[in-house]
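Breakdown of the fold
As a plain string of letters, each chain reads:
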Number of protein chains: 2
Amino acid sequence: MNTAASRPPLALFRPPSIEQIKVGGFFGPRIDTIATVTAHTLLDRCIEAGMLDQVDPDRPNPGLRIPYQTGNDQVTTQMFWDSDFGKSIEAAAYALYRKPDPVLEARVDEIVDAYGRLQAEDGYLNSWYLRMEPEKRWTNLRDCHELYDAGHLIEGAVAYFHATGKRKFMLILARYADHIASVFGSGDGQRRGYCGHPEIELALVRLARATGERRYLDLARFFIDERGQSPHYFAGEMRARGETMADYHFATYEYNQSHVPVREQRTVVGHAVRAAYLYSGMADIATEYGDTTLRPALDALWTHLTERNLYVTGGFGPSADNEGLTFDYDLPNATAYQETCASVALVFWANRMLGMGAVGRYADIMEQALYNGALVGLSLDGTRFFYDNPLESRGQHHRWIWHRCPCCPPNIARLVASVGTYMYGVADDVIAVHLYCESEATLAVGAVPVTLTQATRYPVDGRIEIAVDPSTPAAFTLALRIPGWARSATLSINGADVSLQSLVTDGYARVNRTWAPGDRLALTLDMPVETIHASPKVGADQGRVSLMRGPLVYCLEEVDNGAALNSLVLPAGGAFVCEPVDGLDGAVAIAADGLRETPAAPRALYINQAPARVPARIKAVPYYAWDNRAGGEMLVWVRQEGTR
Amino acid sequence: MNTAASRPPLALFRPPSIEQIKVGGFFGPRIDTIATVTAHTLLDRCIEAGMLDQVDPDRPNPGLRIPYQTGNDQVTTQMFWDSDFGKSIEAAAYALYRKPDPVLEARVDEIVDAYGRLQAEDGYLNSWYLRMEPEKRWTNLRDCHELYDAGHLIEGAVAYFHATGKRKFMLILARYADHIASVFGSGDGQRRGYCGHPEIELALVRLARATGERRYLDLARFFIDERGQSPHYFAGEMRARGETMADYHFATYEYNQSHVPVREQRTVVGHAVRAAYLYSGMADIATEYGDTTLRPALDALWTHLTERNLYVTGGFGPSADNEGLTFDYDLPNATAYQETCASVALVFWANRMLGMGAVGRYADIMEQALYNGALVGLSLDGTRFFYDNPLESRGQHHRWIWHRCPCCPPNIARLVASVGTYMYGVADDVIAVHLYCESEATLAVGAVPVTLTQATRYPVDGRIEIAVDPSTPAAFTLALRIPGWARSATLSINGADVSLQSLVTDGYARVNRTWAPGDRLALTLDMPVETIHASPKVGADQGRVSLMRGPLVYCLEEVDNGAALNSLVLPAGGAFVCEPVDGLDGAVAIAADGLRETPAAPRALYINQAPARVPARIKAVPYYAWDNRAGGEMLVWVRQEGTR
């Protein structure tokens, strides 16, 4: 298994492996918490839910624990349990990098062993079908998440192999992948199907990279290429089950992005997480095969999402009904679904777009989704999780201990625990720095090992010092991201200021020189508090601003501002100050002088008198950190009056 | 059948019958349209839907035409068809008062004849059960609307009797009511049940008033008294069906207001229409029996609704999920469900609260619900109908030709066609004028006939001239409503100004004198444009005002203001002018100078630059009239900046 040997020639930028990056600074303590708390919590709750009972053939069958979903009596969330286990194992694997933990490792080994005992003779491995409905395997790819489950198990197995060197789980899953490759394909007697919930595509790319086996890439490409082709696979499958479209709860194949072949897709539709997982797989295939025919779709989808359907917090999918998209500019705040997994998936997609080149628009959105819509999903103590993420709360929205569809908890945990791998992209003669965070990276350009050490308090401030230490002098390009939010930036190399203007293209300062041990960079990003206005097409946000500083979106919480947050008004052009805030692990608050409205008659629901206004100090905290101190109201888009 | 002879002593104010009021002015043309267009349209669409096929035993059974509702495989909207027919017949009856129409009358007679043939030997009469599931009658009162259907048929039959003098339909329904009285009651072998959807209670009161038969009142009281008692009737019924609460889609008896006995209820909960129909029945029973034990509940429910849960348009029930209430101050605009039927039902409830005395707070809300949340349900041409009523639309919300649950079309039609009966309340020595509209009323105080003639352009302006013409001089009180929205009011009697201050109590100017033929009153209500502010607890409305003039709530439409209505800003303290508007049947528009924001970068979804502002004329039209000219955006709560 040699990754380098099998690298296809057209792949541009690869993310580093987790063992290559030691993360401190902002994310360090979060990863420590995941290693010591969350990784165990996830396994605890999976097992309490009955997942190991379902997986382990030596245990009594748990039977149907979670009632079938309303409106679709064929699908229970138990069918997704393998995916939850897969993601939890992946998070545990990253935790084991952070901190050896024999207890945690033994717990994972127990689950791996159970999967080993469960696996069928022919390699098939889905716990729901093997134990509940063995005769029904591969009969409902549209709804039942069989290949999705396989994908997450594969990702968990690859991560666990990297983390521990133990090959057992990856071999189990490789055997399952080989079985899948025997069932699905364009050959005689094979099924031309694909999963209703994309995920296996990107997982197979990871498996190919880990094993060096191109056949897994080919299978991923098959799933991408087949999606949405005519005759429609799900239609045939549906007829075989004796069903019609009237029986299909979601009514349209837009829900799972199989309405047209992927290369014809131009607008982001349907279930948000499915969409971004699919586009991630498409980007991987475009990168690995140098397949330029996927690029027009990917570019159009990216533009459609980011210019019309993205929350300022880097999440998307406003509707709970389809956990996804509705219509352009439909971005309500109080009812924003904006599933944590959708922001996580957007980080994946953006990161994979960066595989085709260091371009700021992808990295900017990756960072925005990471620090806001994704990170908010995990409590600071690592024990509680948001599933849906409104941008305004009356006080009734809190993180869950668990969810009957627990996709988000292990998803945000595995993302944060592996955040180092999103910081860099490495091509043959380029190292791209996508994200800034106190860290030490051990990379290689060509055959030359390069250590990059970031010293920074980012995102508390915008000063980043980078030590570039190749093992020997080497010529390569260091591409430093200049975030779109930065009002200005300065760069010095070994103490000498350099002009960024000539260096920056596509959002990256590309410094091409012969780097020598001891080279030192200092990058300073101007990080003022920004008041962000939304397009007039987003009705709910008009007359309001969101506060951002660097990559962080801020929000008001009742604990800092009292109740009735919509009674507060910011003056246009007001001055903001940054100040410390207790209880949020070193986060910086933003404060400003504003006004508070008080009603003319407290009990009146409606009255023809304007409220009085009194001065009020308004204080905002990072959105990711809300609901960590006290329950109460929360508001991202704050009223602002006047013009500057 | 003599209503007067059976009037219980404690009933205070009775509404007049429809034949007592000739309506012109604002409502006259609307009623004409219903008489000439809507009454036929309703029957057309009911019959096209298959309703007569279901009712007429001589026709082939239509079978299941409308799939069972998602989440409750026991209930199809076809089970409600009798109610739609009942309300459509009621609307047709009022239409026949307005304008004799032998074709319309013959169409109703055909339906009545079919019901006559359908009725079972024992008097039972529900078309779904008799033709589809005859063995299942009375097995699911919670969900299947059997008594609700009976109620609407009774109301239709009473109206048709009054309109035509034909007794057949009322006798059919009286026989059915007698059958119901034999099945339900506290006697041995009787069922202590009541309907999951209240309605029959108020219908039985109407039947009692029309027939003079107190036993129908008693049956109504039985249903009111039994509701929510322990052991819970729906629980026993559920067990008999072999179901558990887990099978109940709505999960709580709050949904149908049977969670506690009615006298213990203090907060408005559950399905909005059910709630207001129930409270209407409670108010009727309180009035008819002088039952003061119902009053604390009615008062608390009224306060809870009007101080915490009412839209400014006089509708309620924000949520589509339960078609009803959620939590206090949850009044979102774009997603407001605010079913037309809920506003209609609130008119019913308010009107019945006025049965216990002329009190302005009830009449004010009755008027607000009538002119706004209810009236908006019917297009100006009488052919199209709103079911749900958002207070903000991106342009995708339009009136329906029909709805698979067509409860609203005949409901708003029967209300408007009978609006004259809501204008007055008559007690032994008091005539209360609740609503102002060009009209002629033939009433009686004691034995003395009194003609009241209103000459007014109301609500175009606030000048009302009333001719009081008793057949002979008579001493009684004329109680003239002084609306809560009136900034000031003046009254003259026979040309002499009188001081209102000493006359007004509880929102009515009570003029007690000996009235003689030729007496003339002139009431002038100051009707400026008001900017209405919502409680700070209604987050979505902060920084915004709704425009009202008299009873009318106004809104902005794209056709008058261009797109992106949330880009428009009203200055505080700005001047409004009233002006004519084309295409809205004489409605008055409101215009003001304001500002329009234009974005710094048109394609940017988010940007750190405030929009520019340019002067813009802002024009508003009555909410009831929106979506009658061109499709497009609509907005009730308009941004306003600054303080006065």
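Residues numbered from 1 in each chain as written. Chains lettered and ligands numbered in written order. Predicted model: local features only at pLDDT ≥ 70, side-chain atom pairs only at ≥ 80, totals over all residues. Heavy atoms only, no water.

This part takes up the environment of Gln 396 of chain B. Residue and element names in this part refer to chain B. Position of Gln 396 among the secondary structure elements: in the loop between strand 2 (392-393) and helix 15 (408-417). Separated by 134 residues in the primary sequence, Gln 396 and Val 262 place their C-alpha atoms 39 Å from one another. A polar side-chain atom of Gln 396 sits 3.2 Å from the main-chain amide nitrogen of Arg 394. (Helix = DSSP H or I, 4+ residues; strand = E, 2+ residues; numbered from the N terminus. Polar contact = N/O pair within 3.5 Å; in protein donor to acceptor, adjacent residues only side chain to side chain.)

The next subject is the side chain of His 232 of chain B. All names here are of chain B. For His 232, the location among the structural elements is in the loop between helix 9 (214-226) and helix 10 (233-240). Among the residues examined, His 232 registers a relative accessible area of 16% and is labelled buried. There is a polar contact of 2.7 Å between the side chain of His 232 and the backbone oxygen of Ser 258. Not counting residues up to four positions away in its chain, the partners in contact with His 232 are Tyr 194, Tyr 253 and Ser 258. (Buried < 20%, exposed > 50% of the residue type's maximum accessible area, 1.4 Å probe, protein only. Contact = heavy atoms within 4.5 Å.)

With that settled, consider the interface of chain A and chain B. With 54 residues of chain A in contact, the opposing surface of chain B contributes 54 residues. Around 3,900 Å² of area is buried between chain A and chain B when both sides are counted, 52% of it from carbon and sulfur atoms. When the area that chain A buries against chain B is broken down by residue, the three leading residues are Arg 394, Leu 605 and Tyr 606 of chain A, summing to 19%. Where chain A meets chain B, there are 2 salt bridges. The partner of Glu 307 of chain B in a salt bridge is Arg 603 of chain A, with the nearest N and O atoms 2.7 Å apart. Our count for the chain A to chain B interface comes out at 17 residue pairs in polar contact (both at pLDDT 80 or more). Taken together, the elements giving at least two residues each to the side of chain A that touches chain B come down to helix 12 (295-308), strand 14 (529-534), strand 20 (606-607) and strand 23 (638-641) of chain A. In terms of residue count, the dominant contributor to the side of chain A that touches chain B is strand 14 of chain A (5 residues). (Buried area = accessible area lost by both parts, 1.4 Å probe. Salt bridge = Lys/Arg side-chain N within 4 Å of Asp/Glu carboxyl O.)

Before going further, it helps to spend a moment on the side chain of Thr 456 of chain A. Residues and elements named next belong to chain A. Here Thr 456 lies in strand 6 (residues 448-456). Judged by relative accessible area, Thr 456 falls into the buried class, the value being 7%. Of note is the side chain of Thr 456, whose polar atom sits 2.7 Å from the backbone oxygen of Arg 463. Residues contacting Thr 456, with those up to four places away along its chain left out, are Cys 437, Glu 438, Asp 461, Arg 463 and Ile 464.

Residue and element names in this part refer to chain B. Read from one edge of the open sheet, 5 strands run 3-4-8-12-11, paired in mixed fashion. Two strands lie at the open edges of the sheet, namely strand 3 (424-426) and strand 11 (504-505), each paired on one side alone. Where strand 4 (residues 430-433) lies against strand 8 (residues 474-481), 4 bridges are found, and the strand directions are parallel. By the bridge assignment, Ala 432 is partnered in strand 8 with Ala 479. (Pairing = 2+ DSSP bridges.)

So, on to the sheet that holds strand 6 (residues 448-456) of chain B. All names here are of chain B. One open sheet accounts for 7 strands, arranged 1-5-6-7-13-9-10; its pairing is antiparallel. One side of each edge strand has no neighbouring strand; the edge strands of this open sheet are strand 1 (21-23) and strand 10 (496-498). Across the sheet, the mean angle from the axis of one strand to that of its neighbour is 25°, orientation sign disregarded. In terms of strand pairing, strand 1 meets strand 5 (residues 439-445) through 3 bridges, oriented antiparallel. Across the sheet, the residue bridging to Val 23 is Ser 439, located in strand 5. (Axes fitted to C-alpha atoms, helices over the stretch in contact; angles between N-to-C directions.)

The nonpolar side chains of soluble globular proteins are, as a tendency, buried together. Among the nonpolar cores identified, the biggest contains 237 residues, and Phe 27 and Leu 452 of chain A are the most heavily contacted of them. Ranked by residues supplied to this core, first place goes to helix 11 (residues 272-289) of chain A with 12 residues. Those residues in contact with Phe 27 of chain A that sit more than four places away from it in its chain are Leu 370, Tyr 371, Leu 375, Val 416, Val 419 and Cys 437 of chain A. Trp 128, Leu 141, Leu 346 and Val 468 of chain B belong to the second largest nonpolar core, which has 236 residues in total. (Core = buried A, V, L, I, M, F, W, Y, C linked by side-chain atoms within 4.5 Å.)

All names here are of chain B. When the terminal C-alpha atoms of helix 4 (residues 102-118) are compared, their 24 Å separation across 17 residues agrees well with the 24 Å that a helix rising 1.5 Å per residue should span. Buried within helix 4 we find Leu 104, Val 108, Ile 111, Val 112, Ala 114, Tyr 115 and Leu 118. Down the axis of helix 4, the smallest arc covering the buried residues is 155°, so these residues share one side. Counted as exposed and oriented over 90 degrees from the buried face of helix 4: Pro 102 and Val 103. Buried residues along helix 4 sit in contact with helix 1 (27-49), helix 2 (51-55), helix 3 (81-98), helix 5 (127-131), helix 6 (146-164) and helix 7 (168-183). (Expected span 1.5 Å × (residues − 1). Arc of directions from axis to C-beta.)

Aromatic rings in a pair are described by how distant their centres are and how their planes are angled relative to each other. Under the defined criterion, the tally for this structure stands at 60 aromatic pairs over all chains. Geometrically, the ring pair formed by Tyr 194 of chain A and Tyr 233 of chain A is tilted, given 6.3 Å between the ring centres and 50° between the ring planes. Linking Tyr 194 of chain A in the loop between helix 7 (168-183) and helix 8 (200-211) with Tyr 233 of chain A in helix 10 (residues 233-240), this pair joins segments that are 39 residues apart in sequence. Accessibility expressed as a relative area gives 1% for Tyr 194 of chain A, which makes it buried. Judged by its relative accessible area of 16%, Tyr 233 of chain A is buried. Judged by centre distance (6.1 Å) and plane angle (25°), the rings of Tyr 277 of chain A and Phe 348 of chain A are stacked. One end of the pair, Tyr 277 of chain A, is in helix 11; the other, Phe 348 of chain A, is in helix 13 (residues 340-353), and 71 residues separate them in sequence. We note that Tyr 277 of chain A, like Phe 348 of chain A, is buried. Taken together, the ring pairs connect Phe 26, Phe 27, Tyr 371, Tyr 436, Tyr 458, Trp 485 and Tyr 624 of chain A into an aromatic cluster. Across the ring face of Tyr 124 of chain A, the terminal group of Arg 137 of chain A is positioned such that the distance to the ring centre comes to 3.8 Å. Its end group placed over the ring of Tyr 289 of chain B, Arg 221 of chain B keeps NZ or CZ at 4.0 Å from the ring centre. (Phe/Tyr/Trp six-rings, centres within 6.5 Å; stacked < 30°, edge-to-face > 60°. Lys NZ or Arg CZ within 6 Å of the ring centre and 35° of its normal.)

For the rest of this paragraph, the subject is helix 12 (residues 295-308) of chain B. Residues and elements named next belong to chain B. Under the 1.5 Å per step criterion, the end-to-end length of helix 12 is 20 Å for 14 residues, consistent within 8% with the ideal 20 Å. All buried positions along helix 12 are accounted for by Ala 297, Leu 298, Leu 301, Trp 302, His 304, Leu 305 and Thr 306. Elements that come into contact with the buried residues of helix 12 comprise helix 11 (272-289), helix 13 (340-353) and helix 14 (360-374).

All names here are of chain A. Domain assignment breaks chain A into domain 1 (15-232), domain 2 (265-422), domain 3 (424-525) and domain 4 (529-640). Distance between the C-alpha centres of domain 2 and domain 3: 27 Å. Looking only at domain 2, the three residues that lose the most surface to domain 3 are Ala 358, Glu 367 and Tyr 371, adding up to 43% of its buried area. Inspection of the region where domain 2 meets domain 3 yields 2 salt bridges. Across the pair Arg 481 and Asp 364 runs a salt bridge whose closest N-O atoms are separated by 2.7 Å. Between domain 2 and domain 3 we count 7 residue pairs in polar contact (both at pLDDT 80 or more) in total. Each residue belonging to the side of domain 2 that touches domain 3 can be placed in one class, and the counts come to 8 nonpolar, 3 polar and 2 charged. (Domains from an automatic or database assignment. Nonpolar A, V, L, I, M, F, W, Y, C, P; charged D, E, K, R; others polar.)

This paragraph deals with the pattern of salt bridges. Pairing is possible between side chains that carry opposite charge, provided their charged atoms lie close to one another. By the definition in use, this model includes 102 salt bridges over all chains. In this structure, Arg 241 of chain A engages Glu 243 of chain A in a salt bridge whose closest nitrogen and oxygen atoms are separated by 3.1 Å. The salt bridge involving Glu 465 of chain B is made with Arg 463 of chain B; its shortest N-O contact spans 3.3 Å. Three or more residues are tied together by salt bridges with common partners; here these are Asp 53, Asp 56, Asp 58, Arg 59, Arg 65, Glu 110 and Arg 117 of chain A.

This brings us to the relation of the copies chain A and chain B. With an RMSD of 0.0 Å, the fit of chain A onto chain B corresponds to turning through 180° and sliding 0.0 Å along the axis. Taken together, the turn and the small shift mark the pair as related by a two-fold rotation axis. The share of interface residues of chain A whose copies in chain B are also at the interface is 100%, consistent with both copies meeting through the same surface. (Least-squares fit on C-alpha atoms with pLDDT ≥ 70 in both.)

Moving on: the environment of Asn 411 of chain A. All names here are of chain A. Assignment of secondary structure puts Asn 411 in helix 15 (residues 408-417). Note: C-alpha distance between Asn 411 and Ala 91 (320 residues apart in sequence) is 8.0 Å. Excluding residues that lie within four positions of it along the chain, Asn 411 makes contacts with Lys 87, Tyr 277, Cys 341, Val 344 and Phe 348.

Quick look at the confidence of the model for chain A now. All names here are of chain A. With 97% of its residues at a pLDDT of 70 or more, chain A has an overall mean of 95. Here residues 1-10 is modelled with pLDDT under 50, and outside its nearest four sequence neighbours on either side it reaches 18 contacts, counting other chains as well. Taken together, the chains of this predicted complex give a pTM of 0.93 and an interface ipTM of 0.93. (pLDDT = per-residue confidence, 0-100.)

Residues and elements named next belong to chain A. Contact geometry for helix 1 (residues 27-49) and helix 4 (residues 102-118): axes closest at 11 Å, N-to-C directions at 35°. Where helix 1 crosses over helix 4, the handedness of that crossing is left-handed. Between helix 1 and helix 4, the contacting residues are Ala 39, His 40, Leu 43, Asp 44 and Ile 47 on the first element and Val 103, Leu 104, Arg 107, Val 108 and Ile 111 on the second. Residue composition of the contact of helix 1 with helix 4, by class: 7 nonpolar, 1 polar and 2 charged. (Left-handed = near helix turned anticlockwise from the far one by under 90°.)

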